[in-house]
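Listed below, chain by chain, are the residues.
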Amino acid sequence: AQKVTQAQTEISVVEKEDVTLDCVYETRDTTYYLFWYKQPPSGELVFLIRRNSFDEQNEISGRYSWNFQKSTSSFNFTITASQVVDSAVYFCALSAPGQLSNAGGTSYGKLTFGQGTILTVHP
Amino acid sequence: DTEVTQTPKHLVMGMTNKKSLKCEQHMGHRAMYWYKQKAKKPPELMFVYSYEKLSINESVPSRFSPECPNSSLLNLHLHALQPEDSALYLCASSQPPRGGIQYFGAGTRLSVL
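Residues numbered from 1 in each chain as written. Chains lettered and ligands numbered in written order. Predicted model: local features only at pLDDT ≥ 70, side-chain atom pairs only at ≥ 80, totals over all residues. Heavy atoms only, no water.

Chemist: Lay out the environment of A:Phe75 with the relevant residues and their values.
Modeler: Residues and elements named next belong to chain A. Positionally, Phe75 belongs in strand β9 (residues 74–79). As for Phe75 and Thr27, which are separated by 48 residues in sequence, their C-alpha atoms are 13 Å apart. Apart from residues no more than four positions distant in its own chain, Phe75 is found in contact with Cys23, Leu34, Phe35, Trp36, Ile49, Arg51, Trp66, Asn67, Phe68 and Cys92. (Helix = DSSP H or I, 4+ residues; strand = E, 2+ residues; numbered from the N terminus. Contact = heavy atoms within 4.5 Å.)

Here is the structure:
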């Protein structure tokens, strides 16, 4: 079974602080994909990043960076110099094969989400 | 363009009503999804269509009926809903099946009275 744990329910920071959101996952599959999504108050889930299980290279994109470590099954997300506009719910998610759909096939399509971390950035 | 369009944005319906939620994408994606999201919870998968065929049904009650008329459109027909069905309904699309990025619409906020 797949499982994603985001232990931080809520984080509150002041603008310009750095903040790291933790994500730990469980899967028996050797091939899988990890995602981070952002959900602002408007409701739309915004895709941020995807990593596959064979690519442990960490990535930096502007103020965002991701640290993927298979040895600890973690895929953490850091925002540098946070801004008020970063306030949102952040979800980590896992997609892996080995899940039989009830239509009889395997599917990478199912995303297993963590419970989400509510980030509030104060001015 | 990574846009998934959902209509309506808000919907209020009585328990005896019949209504439909609509979702459209023009990214050429061949997998489309319906999710239900309650407040302060992650999205829960309801249905997946792959190449216009129902691929996953997560044991959703029959009062929710999905339809995929073509590769760009996805509908969710609602009938005899209960107040506990009030939620944000999200549509997503992706390229199947290899860990494709799912792009989400803004959702329909449904209230059942």
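And the narrative resumes.
Chemist: Tell me what's going on with the pairing of strand β2 (residues 10–14) of chain A, and back it up with residues and numbers.
Modeler: All names here are of chain A. Burial of the side chains of β2 is restricted to one face: Ile11 and Val13 are buried, whereas none of Glu10, Ser12 and Val14 on the reverse face is. Pairing of β2 with strand β12 (residues 117–122), which is carried by 5 bridges, proceeds in the parallel orientation. Counted as the bridge partner of Glu10 is Ile118 from β12. (Buried < 20%, exposed > 50% of the residue type's maximum accessible area, 1.4 Å probe, protein only. Pairing = 2+ DSSP bridges.)

Chemist: Report on the nonpolar core, specifying residues and quantitative values.
Modeler: One finds A:Trp36, A:Trp66, A:Phe75, A:Phe77, A:Tyr90 and A:Leu119 to be the most contacted residues of the largest nonpolar core, which totals 25 residues. At the level of secondary structure, the elements contributing two or more residues to this core comprise β2, β3 (19–21), β5 (33–39), β6 (46–52), β8 (64–69), β9, β10 (88–95) and β12 of chain A. When residues of this core are assigned to their parent elements, the largest contribution, 4 residues, is made by β10(A). Setting aside chain neighbours within four positions, we find A:Leu119 in contact with A:Ile11, A:Val13, A:Val19, A:Ile79, A:Asp86, A:Ser87, A:Ala88 and A:Tyr90. If you look at the next biggest cluster of nonpolar residues, it comprises 23 residues, including B:Phe47, B:Tyr49, B:Cys68 and B:Leu81. (Core = buried A, V, L, I, M, F, W, Y, C linked by side-chain atoms within 4.5 Å.)

Chemist: Provide a residue-level description of the state of the cysteines, including the pertinent values.
Modeler: Residue and element names in this part refer to chain B. This model, assessed by the stated rule, comprises 2 disulfides over all chains. Residue Cys23 pairs covalently with Cys91 via a disulfide, S to S 1.9 Å. Residues Cys23 and Cys91 are joined through a disulfide that is left-handed, its torsion about the S-S bond being -70°. On the criterion of sequence distance, the pair formed by Cys23 in strand β3 (residues 18–25) and Cys91 in strand β9 (residues 87–94) is long-range, its members being 68 residues apart. Neither Cys23 nor Cys91 differs from the other in exposure class; each is buried. For Cys68, which is in no disulfide, the shortest distance to another cysteine sulfur is to Cys91 and amounts to 9.2 Å. (Disulfide = S-S within 2.5 Å.)

Chemist: Go over the interface of chain A and chain B, please, and point to the residues and values.
Modeler: Size of an interface: often given as the accessible area lost when the parts come together. Contact with chain A, which involves 24 residues of that partner, is made by 26 residues of chain B. Both faces considered, chain A and chain B share a buried interface measuring about 2,000 Å² in area, 55% of it formed by carbon and sulfur atoms. Along the contact surface separating chain A from chain B lie 1 salt bridge. Between B:Glu58 and A:Lys110 there is a salt bridge, with the nearest N and O atoms lying 2.7 Å from each other. Counting across the chain A and chain B interface gives 3 residue pairs in polar contact (both at pLDDT 80 or more). Secondary-structure elements contributing two or more residues to the side of chain A that touches chain B are β5, β6, β10 and β11 (111–113) of chain A. Of the residues forming the side of chain A that touches chain B, the biggest block, 4 residues, is contributed by β5(A). (Buried area = accessible area lost by both parts, 1.4 Å probe. Salt bridge = Lys/Arg side-chain N within 4 Å of Asp/Glu carboxyl O. Polar contact = N/O pair within 3.5 Å; in protein donor to acceptor, adjacent residues only side chain to side chain.)

Chemist: Residues and numbers for the layout of surface pockets, please.
Modeler: Reported here for the largest pocket is a volume of approximately 480 Å³. Lining the largest pocket are 22 residues, with A:Gln39, A:Val89, B:Ala39, B:Lys40 and B:Lys41 sitting closest to its centre. If you list the elements that add at least two residues to the lining of the largest pocket, you get β10 and β12 of chain A together with β9 of chain B. Tallying contributions element by element places β10(A) first for the lining of the largest pocket, with 3 residues. Its residues assigned to classes, the lining of the largest pocket comprises 10 nonpolar, 8 polar and 4 charged. Taken as a whole, the second largest pocket encloses approximately 210 Å³ of empty space. Lining the second largest pocket are 14 residues, with A:Thr112, A:Phe113, B:Pro42, B:Pro43 and B:Glu44 sitting closest to its centre. Contributing elements (two or more residues each) for the lining of the second largest pocket: β1 (3–5) and β11 of chain A together with β5 (44–50) of chain B. When residues of the lining of the second largest pocket are assigned to their parent elements, the largest contribution, 3 residues, is made by β11(A). For the lining of the second largest pocket, the per-class residue count stands at 6 nonpolar, 3 polar and 5 charged. (1 Å grid on protein atoms, 1.4 Å probe; cavity = no way out; pocket = protein on both sides within 12 Å on 5 of 7 lines; lining within 4 Å. Points joined across faces, edges and corners; volume = space filled by probe spheres on them. Nonpolar A, V, L, I, M, F, W, Y, C, P; charged D, E, K, R; others polar.)

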